[in-house]
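Below are the chains, spelled out letter by letter.
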Amino acid sequence: MTGHGGQCKTALRAGEARGCWAVRGPRTVRGFLGGSLSVSCTYRHGHEMKPKFWCTPGALLSTCDTDIVITSAGHPVVRRHRFSIQDNRTERVFTVTVEGLVEGDAGTYICGVRTGVLQRDVSAEVEVIVSPGQSLHAPSPARHQGPLHRGAGAGLQEEMPRHSHQPIFPPTTPQTPTAATDSPLQPHGPFRHFPVLAGLQLLALLAMSGAVLWVTLRGG
C-alpha cells in the first residue's frame, strides 16, 4: 500500500499542484458584479489549529504573494474590508466570502493551511470568474397579442404584466341619479317673472273689454 507521502510524491511528479489532497477546494467559482461569492475549502485532520488563508499566488508553485485574509489559533473568524474567512474546526472546512465584487477580483487565488515557517503550505488553487451583473431596470417590452411565454434559459426572470405609463388617478365614484321632484322646473334669470306679468296683462285686457261692453250696453 502506498502511504500519504508516496501519494504526495506521485501527485507532484504528475504535476498536480492542488496541495497534494491535504486541502481541497473548488476549481472554479463564479460571481456577479456588485454581488458576493463564497469559497469553501476542506483540510485533513491535524490542521485544525493552524492558520487558514486566502491569498494571491506568488512566483513559486503553491506560494502566496499577498495574504488577503488569514485566521489564527485564537481567531477562527477574521474580516478584512470586503473579505472574510471562517474556520469550522469541527467539520475541518473554512469558508472565504468576498462581497461587493468588482472586475479586479477575477483571477487565480489560493486557499490553504499555513503549516509552518520551514514547511511548505498545503493549498489549492481556485479560479474566480466575475460576470456582469443583471440590470435592475428591464427594457420596456414590445406590445404583442396573445399569452406570455417564458423562454428557455430565462432563469429566475419572468415577463411582467405590461402597464400603461399613464398617470394613475384615484377611481371616481359615479354620481347616483336622483329622483325628480314633483315640483316643475323653475325658469332662471329675468324670465322667471314672465308668467306673472302675462297674467296681469290678461286681467287688464279683460277688464278693459268688460268696461267697453258695459258702456256699449248702457248707450243702447
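Rules behind the numbers
- Residues numbered from 1 in each chain as written.
- Predicted model: local features only at pLDDT ≥ 70, side-chain atom pairs only at ≥ 80, totals over all residues.
- Heavy atoms only, no water.
- Salt bridge = Lys/Arg side-chain N within 4 Å of Asp/Glu carboxyl O.
- Helix = DSSP H or I, 4+ residues; strand = E, 2+ residues; numbered from the N terminus.
- Buried < 20%, exposed > 50% of the residue type's maximum accessible area, 1.4 Å probe, protein only.
- Polar contact = N/O pair within 3.5 Å; in protein donor to acceptor, adjacent residues only side chain to side chain.
- Contact = heavy atoms within 4.5 Å.
- Core = buried A, V, L, I, M, F, W, Y, C linked by side-chain atoms within 4.5 Å.
- Pairing = 2+ DSSP bridges.
- Axes fitted to C-alpha atoms, helices over the stretch in contact; angles between N-to-C directions.
- Phe/Tyr/Trp six-rings, centres within 6.5 Å; stacked < 30°, edge-to-face > 60°.
- Lys NZ or Arg CZ within 6 Å of the ring centre and 35° of its normal.
- Patch = residues over 30% accessible without salt bridge, like charges linked within 9 Å, V, L, I, M, F, W, Y side chains within 5 Å.
- Areas by Shrake-Rupley, 256 points an atom, 1.4 Å probe, with all protein chains shown as cover.
- Disulfide = S-S within 2.5 Å.

Trainee: I'd like to hear about the pattern of salt bridges, residue by residue, with values.
Mentor: Within the structure shown, the criterion is met by 7 salt bridges. In this structure, the salt-bridge partner of Arg-92 is Glu-48, at a minimum N-O distance of 3.9 Å. In this pair, Arg-92 is assigned in the loop between strand E7 (83-88) and strand E8 (93-98) and Glu-48 in the loop between strand E3 (37-43) and strand E4 (52-57), connecting sequence segments 44 residues apart. As a salt-bridge pair, Asp-87 and Arg-89 come within 3.5 Å of each other at their nearest N and O atoms. Residue classification places Asp-87 among the buried positions, given a relative accessible area of 7%.

Trainee: Go over the side chain of Lys-52, please, and point to the residues and values.
Mentor: Topologically, Lys-52 is positioned in strand E4. From its side chain, Lys-52 meets the backbone oxygen of Glu-48 in a polar contact 3.0 Å long. If near-sequence neighbours (up to four positions away) are discounted, Lys-52 is found in contact with Tyr-43, His-47, Val-69, Ile-70, Thr-71, Ile-85, Asp-87, Phe-94, Gly-112 and Val-113.

Trainee: Can you lay out the environment of Lys-50 for me, pointing to particular residues and giving the numbers?
Mentor: Within the secondary structure, Lys-50 is located in the loop between E3 and E4. A sequence separation of 64 residues divides Lys-50 from Arg-114, and the C-alpha atoms of the two residues are 6.3 Å apart. Ignoring any residue separated from it by four or fewer positions in sequence, one finds Lys-50 in contact with Thr-71, Val-113, Arg-114 and Thr-115.

Trainee: Give a description of the nonpolar core that names residues and reports values.
Mentor: What tends to happen in soluble globular proteins is that the nonpolar side chains get buried as a cluster. Within the largest apolar cluster, 24 residues are counted, with the highest numbers of intra-cluster contacts made by Val-23, Leu-37, Val-39, Trp-54, Phe-94, Cys-111 and Val-128. Those elements that place two or more of their residues in this core are E3, strand E5 (64-70), E7, E8, strand E9 (107-113) and strand E10 (122-131). Residue contributions to this core peak at 5 residues, all from E10. Sequence-distant contacts of Trp-54, defined by excluding residues within four places in its chain, comprise Val-39, Asp-67, Ile-68, Val-69, Phe-83, Val-96, Tyr-109, Ile-110, Cys-111, Val-126 and Val-128.

Trainee: Could you give me a rundown of the pairing of E4, with the residues and numbers involved?
Mentor: Bridge count between E4 and E9: 4 bridges; the pairing is antiparallel. Counterpart to Phe-53 in the pairing with E9 is Gly-112. Pairing analysis gives 5 bridges linking E4 to E5, with the strands arranged antiparallel. What sits directly across from Thr-56, in E5, is Thr-66. The hairpin turn running from E4 into E5, its antiparallel successor, is 6 residues long, and Ser-62 in that turn takes a positive phi close to 60 degrees.

Trainee: Quick one: what's the story with the sheet that holds E4, residue by residue and with numbers?
Mentor: As summarised here, the arrangement of the 5 strands in space is E2-E10-E9-E4-E5, forming an open sheet in which the pairing is mixed. Taken across any chain shown, the strands that pair with only one partner, and hence form the sheet edges, are strand E2 (28-32) and E5. On average, adjacent strands in this sheet sit at an angle of 35 degrees to one another, irrespective of strand direction.

Trainee: Please give an account of the packing of aromatic side chains that cites residues and values.
Mentor: Applying the stated criterion to the full structure yields 2 aromatic pairs. Ring geometry for Trp-54 against Tyr-109: centres 5.1 Å apart, planes inclined by 10 degrees, an arrangement best described as stacked. Here Trp-54 is found in strand E4, whereas its partner Tyr-109 is found in strand E9, with 55 residues between them in sequence. The two residues Trp-54 and Tyr-109 agree in class, both being buried. The cationic tip of Lys-52 hangs over the ring face of Tyr-43; the distance from NZ or CZ to the ring centre is 4.5 Å.

Trainee: Give a description of the sheet that holds E8 that names residues and reports values.
Mentor: Note on sheets: strands pair through backbone hydrogen bonds, and any given pair is parallel or antiparallel. Taken in spatial order, the 5 strands of this open sheet run E1-E3-E8-E7-E6, and their pairing is antiparallel. Looking at the sheet topology across the chains shown, the edges are occupied by strand E1 (23-24) and strand E6 (77-80).

Trainee: I'd like a description of a nonpolar patch on the surface, backed by residues and values.
Mentor: Taken together, Val-196, Leu-197, Leu-200, Leu-202, Leu-203 and Leu-206 make up a surface patch of nonpolar side chains, about 610 Å² in accessible area. Counting through the fold element by element, Leu-203 comes out in helix H2 (residues 194-219). Looking at Leu-203, the relative accessible area reads 54%, which means it is exposed.

Trainee: I'd like to hear about the state of the cysteines, residue by residue, with values.
Mentor: Scanning all chains against the criterion turns up 2 disulfides. A sulfur-sulfur separation of 2.1 Å characterises the disulfide bridge that pairs Cys-41 with Cys-111. The sign of the S-S torsion, about -100 degrees, decides the handedness of the disulfide formed by Cys-41 and Cys-111: left-handed. One end of the pair, Cys-41, is in strand E3; the other, Cys-111, is in strand E9, with 70 residues separating them in the sequence. When sorted by exposure, Cys-41 lands in the same class as Cys-111, which is buried. With its sulfur 1.9 Å from that of its partner, Cys-55 forms a disulfide with Cys-64. Torsion about the S-S bond of the Cys-55 and Cys-64 cystine: about -65 degrees, corresponding to left-handed handedness. Among the residues examined, Cys-55 registers a relative accessible area of 0% and is labelled buried. Taking the relative accessible area as the measure of exposure, Cys-64 reaches 25% and is therefore partly exposed.

On their own, these measurements won't tell you what the molecule is for.
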